[in-house]
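# Results of the structural survey
Each chain is listed here by its residues.
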Amino acid sequence: MTTRTPSAHSAATLCDRVRKYEHHTGTRLGGPGPAKEGQSQAGGESGQRLDQESRAGASALVSVYAQLDFAHETWPAALSRPLTLPTASVSSAPITLTGLSLTTGEYICCFEAQGFRWELQKVVRVPLQATDVARLPDELSISCATSPGFQLSCCIPSTHLGYTASWSPREGSEASFVRTRDSQCFGLAVQRCPAADTTYTCDLQSPGLTPIRVTVSVTVIQDGDTTCPEEASAVAWNVTKAGHVARAPCPGKRTGTVKRPCGPDGVWGPVQSSCTDTGLLALLRRVWLLRAGQGWPATEVPQILAQLPEQVVAVTSPSDLLALVHTMTVLAKVVADARIQLNYSALEALLNTTDKILDLDSGSLWAPARAQKPSVGSNLLLAVETLARSLCPQDHPFSFVLPNVQQQTQLLGPTSPADYRVSFPTQPPLQAWIPKHSLAPLSHNGTNVSITSLVLQKLDHFLLSNYGQGLGDSLYVTPGLVLVISIMAGDQVFNQGEVIMDFGGTDGSTHCVFWDFDLFQGKGGWSDAGCWVQAASASPTTQCICQHLTAFSILMSGHTVPQNPTLELLSQVGLGASILALLLCLGVYRLVWRFVVRNKVTYLRHVALLNVVLCLLAADTCFLGAPLLPPGPRSPLCLAAAFLCHFLYLATFFWMLAQALMLAHQLLFVFHQLSKHRMLSLMVFLGYLCPMGFAGVTLGLYLPQGQYLGEGACWLDRKGGALYTFVGPVLAIVGVNGLVLTMAVLKLLRPSLSEGPQVEKRQALLGVLKALLILTPIFGLTWGLGLATLLEDISVVPHYLFTVLNASQGVFILLFGCLMDRKVQEALRKRFCRTQPPTSTISLATNEAYIPEHSKGRSEDARKIEVE
């Protein structure tokens, strides 16, 4: 048997650890009375883990001897022959006790074999460490003018090791020794103030043990030095030199030190306390001893759990909170290693303790505790999850409700179980169920199946904001609760199975996640592996499906635009108006088509505009109906709607690009014109095949990664990059159109038009230019705002502007692409008014001025001036 780190008791019964040794020796070991079945196997597993953990550290070998005591005088026949242990006991690795603070004393192990009892004893001498020495104070500022002398002390816990102390320097000082029930203090009374800053050394020695050296720094305050004044409160603060830290022992029944920095301007800073309640430390030490092997876990674990609710009252500092959570963490390991089953009252005490811990102040306790130990919230979650599922079968069913903790435990029995359903009256409401097919494999071995459902409110606020792969670095908020679901089949934990959960009170984009204790080097983090959002409806409820069991919650975007009725109404009304405007545009083209396509340029221009209208009409209709479909990657209709919207919206912009490129071709290649059919073929290729390629590649790249659809919507995911395959080409097209328009304006409005196209053709090109000059900035502004809405830290105003402009694109096309065209206006007047236009008019719609006939002497080309 070996020990690794020191104990606080002079004698200990290590029967449990010897029972773990039985796994290696093959001998039945146990405490008084017959050994129970199953204990040796469970203990052996834990013993192996402790061995593996301890081999990384130093070990001290403890030799033992056996003393046989027989209750009867008759020599048992079983010992008439030699009794030998298996060979494995000789070659097996030594047992190492971890986490136990051992001091000098007699340690006794006991075990039974073949009806006899063995006791193994050893006196252990363990040296103290420098961390066991308390310096009072460990740093001191002294003014020689007001305090010529001062007192220093170095104190150690009470021990029988016979330590002696010597101080240096000792000139003009007197040493003293004070013993109390719990400590031994070696003092130094300095009679004369040193002339300069001095470091005093306390050397502690014991025969045969490693000496210990600690230091105390004394700073001398000179005349003119800035100081913080003496102050008396719960702790007496002496005069301290600016830039130094004053230290004092914790007041009352608390262990540790309090610190207070003195600022450079002579003003005291905030008090920093590392004080821990002695009762909490005693309970933590007891649990560590139990973990290391001292005592009987089955008896002591319920006793310790019964004390925990009272200990929460003693939590007044972050160190107290860390000690209490650490106690529960070690206690959970003891229960898991020894496979202890808790009774009703023990579990009730655990839940009461957890409820009170979650009610502790977040600012003064939880925040500094997380700063000292970031994994404190994760450790509490794991401890409560482990202990809560350890209820013995006799106490099922179990139901318990507190403000921050709710638990329901149900025993399903060995027969084929039905669906498991549970609901909690939380805010927001919560429901969960496990389908029958997930529970069916557990019924084959005939064991009882217990399901524990536990809701911990507020705990998610004390967990780190760590997000695993796929969640990115966005800022998320949680709903204020964590749902823990555990399944025990016999004494085995079952972690695989499908669970469906409904989280109420959710708005905007959500992620179904679970807490992965292994992420971020053991600090823990949220992960969405094996979980997804299954369905969403008009009600604020998120349905999650996960393929494993653990602690679940949901993440909501911290910058999600509120799903308020005003924004939804604007979007729906705008899309409806856009669809009606596009239908009216088709009706207008049906009436005037043969009047407006008199030459190649006007034909190509209106063919492109007609395709823009058709694509945008289909896209708006699809987008308006997409919310009625069940979202999620498993919905074929939702996938189809997202793909069609992506393709059709892209096609709208590619046809606008085709218009711009046609305009550039007509202006730049005046004497090398392509035929109408070849130009139309190129425009169809650009308008339909290019966006089809973009949409198909996006689907193939992002769908296998689960990043194609956004959460709860039949549209591209804005987090994984799929949405950028739409916004990127759109903004690129807007930029190209802007360059083409700039070139066209310079070409058409230059002073000499001799190299330009004919008047009729030039008028047609100006019509194209006019439409693009209006629509391109509007569409560019729309999707520029769309790109801005992808940013996290953005106000709600761009969201509203984007919604209004995007939903009104059909109206813009009707007004500026169709009705403002001069030939369309003339065709409509001829069809409905049957009147001839006057000889001299000014058209506000087309900005064309006609010069009257009395302006003779001018050329025919100058008679009609386009001022666009």
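Each chain carries its own residue numbering, running from 1 in the direction its sequence is written. Thresholds applied to this predicted model are a pLDDT of at least 70 for local features of residues and 80 or more for the giving and counting of side-chain atom pairs; totals over whole chains, interfaces and linings are not thresholded and use all residues. Note that water and hydrogens are dropped before the side-chain values are worked out from all heavy atoms of the structure.

### A short note on the state of the cysteines
- For this text, the term disulfide refers to a pair of cysteine sulfurs within 2.5 Å. Tallied over the full model, the rule gives eight disulfides.
- Note on cysteine connectivity: Cys155 is disulfide-linked to Cys185, with sulfurs 2.0 Å apart. Given an S-S torsion of about 110°, the disulfide between Cys155 and Cys185 has right-handed geometry. Placement of Cys155 in strand E10 (residues 150–157) and of Cys185 in strand E13 (residues 183–190) is noted, with a sequence separation of 30 residues between them. In terms of burial, Cys155 and Cys185 fall into one category: buried.
- Disulfide pairing places Cys531 opposite Cys546 at an S-S distance of 2.0 Å. Measuring the twist about the S-S bond at about 120°, one finds the Cys531-Cys546 disulfide to be right-handed. On the criterion of sequence distance, the pair formed by Cys531 in strand E36 (residues 531–536) and Cys546 in strand E37 (residues 541–548) is long-range, its members being 15 residues apart. Helix numbering and strand numbering both begin at the N terminus, where a helix is a DSSP run of H or I of at least 4 residues and a strand a DSSP run of E of at least 2. Think of it in three bands: with a 1.4 Å probe and only protein chains considered, a residue is buried below 20% of the maximum accessible area for its type, exposed above 50%, and partly exposed in between.

### Comments concerning the pairing of strand E34 (residues 510–516)
- For E34, a buried count of seven out of seven residues is recorded, marking the element as mostly surrounded by other parts of the structure.
- Alternating positions in E34 separate into two faces, Thr510, Cys512, Phe514 and Asp516 on one and His511, Val513 and Trp515 on the other, with burial throughout.
- Two elements, E34 and strand E35 (residues 525–527), share three bridges in a ladder whose sense is antiparallel. Across the sheet, the residue bridging to Trp515 is Trp526, located in E35. Pairing between two strands is assigned when DSSP locates at least 2 bridges connecting them.

### Describing the packing of helix H12 (residues 600–625) against helix H14 (residues 676–702)
- Relative orientation of the contacting elements H12 and H14 amounts to 20°, with a least axis distance of 11 Å. With respect to H14, the axis of H12 lies roughly parallel. In this structure, the crossing between H12 and H14 has a hand that is right-handed. Contacts between H12 and H14 pair Lys600, Tyr603, Leu604, Val607, Ala608, Asn611 and Cys615 from the former with Lys676, Met679, Leu680, Met683 and Tyr688 from the latter. To define axes, lines are fitted to C-alpha atoms, for helices over the stretch in contact only, and angles between the resulting N-to-C directions are given on a 0 to 180 degree scale. Here roughly perpendicular refers to angles of 65 to 115 degrees, roughly parallel to angles under 35, roughly antiparallel to angles over 145, and oblique to all remaining angles. Two helices that cross are described as forming a left-handed crossing if the nearer one is turned anticlockwise from the farther one by less than a right angle, and a right-handed crossing if clockwise. Any two residues whose heavy atoms approach within 4.5 Å are treated as being in contact.

### Side note on the sheet that holds E13
- One open sheet accounts for four strands, arranged E8-E10-E13-E12; its pairing is antiparallel. Where the open sheet ends on each side, the last strands, each with one partner, are strand E8 (134–136) and strand E12 (173–179). Sheet twist, expressed as the mean angle between neighbouring strand axes with direction ignored, is 15°.
- Here E10 pairs with E13 via eight bridges, running antiparallel. In the strand pairing of E13, Ser153 is matched with Gly187.

### Concerning the sheet that holds strand E11 (residues 164–168)
- Pairing is mixed across the open sheet formed by four strands, whose spatial order is E9-E15-E14-E11. Two strands in the sheet have a free side with no partner beyond their single neighbour: strand E9 (139–143) and E11. Within the sheet, the average angular offset between the axes of one strand and its neighbour, ignoring direction, is 25°.
- Relative to strand E15 (residues 212–221), strand E14 (residues 198–205) is paired through seven bridges, and the arrangement is antiparallel. Along E15, the bridge assignment pairs Thr199 with Ser217.

### Overview of a positive patch on the surface
- On the surface, Arg590, Arg594, Arg598, Lys830 and Arg831 cluster together into a positively charged patch.
- Secondary structure elements with two or more residues in the positive patch: helix H11 (565–596) and helix H19 (822–832).
- Residue classification places Arg594 among the exposed positions, given a relative accessible area of 60%. Patches were defined on residues exceeding 30% relative accessible area and lacking a salt bridge, with like-charge contacts within 9 Å and nonpolar side-chain contacts (Val, Leu, Ile, Met, Phe, Trp, Tyr) within 5 Å. Computed with a 1.4 Å probe, the accessible areas rest on the Shrake-Rupley method; for each residue, only the protein chains presented here act as cover. By definition, a salt bridge exists where a carboxyl oxygen of Asp or Glu is found within 4 Å of a side-chain nitrogen of Lys or Arg. We count Lys and Arg on the positive side and Asp and Glu on the negative side, and we leave His and both chain ends out. By convention, the point assigned to a charge is CZ for Arg, NZ for Lys, CD for Glu and CG for Asp.

### Topic: the side chain of Asp620
- With respect to the helices and strands, the residue Asp620 is situated in helix H12.
- Judged by its relative accessible area of 1%, Asp620 is buried.
- Whenever two N or O atoms come within 3.5 Å, that pair is a polar contact, provided that in protein one can donate a hydrogen and the other can accept it, and provided that, for residues adjacent in sequence, both atoms are side-chain atoms. Within the local environment of Asp620, its side chain forms a polar contact with the side chain of Ser578, the two groups lying 2.8 Å apart.
- When near neighbours in sequence (up to four residues on either side) are disregarded, Asp620 contacts Leu575, Ser578, Ile579, Leu582 and Tyr649.

### Description of the pattern of salt bridges
- Applying the stated criterion across every chain, the model contains nine salt bridges.
- Where Lys458 meets Asp359, a salt bridge forms, and the shortest distance between an N and an O atom there is 2.7 Å. Of this pair, Lys458 sits in the loop between strand E29 (449–457) and strand E30 (476–477) while Asp359 sits in the loop between helix H7 (344–358) and helix H8 (362–372); the two residues are 99 residues apart in sequence, bridging distant segments of the chain.
- For Lys458, a relative accessible area of 32% puts it in the partly exposed group.
- Of the residues examined, Asp359 reaches a relative accessible area of 44% and is grouped as partly exposed.

### Details of unusual backbone geometry
- Going from Ser168 to Pro169, the amide bond is cis rather than trans, its omega being -5°.
- Topologically, Pro169 is positioned in the loop between E11 and E12.
- With an omega dihedral of -5°, the bond running from His396 to Pro397 counts as a cis peptide bond.
- Within the secondary structure layout, Pro397 lies in the loop between helix H9 (376–388) and strand E25 (398–401).

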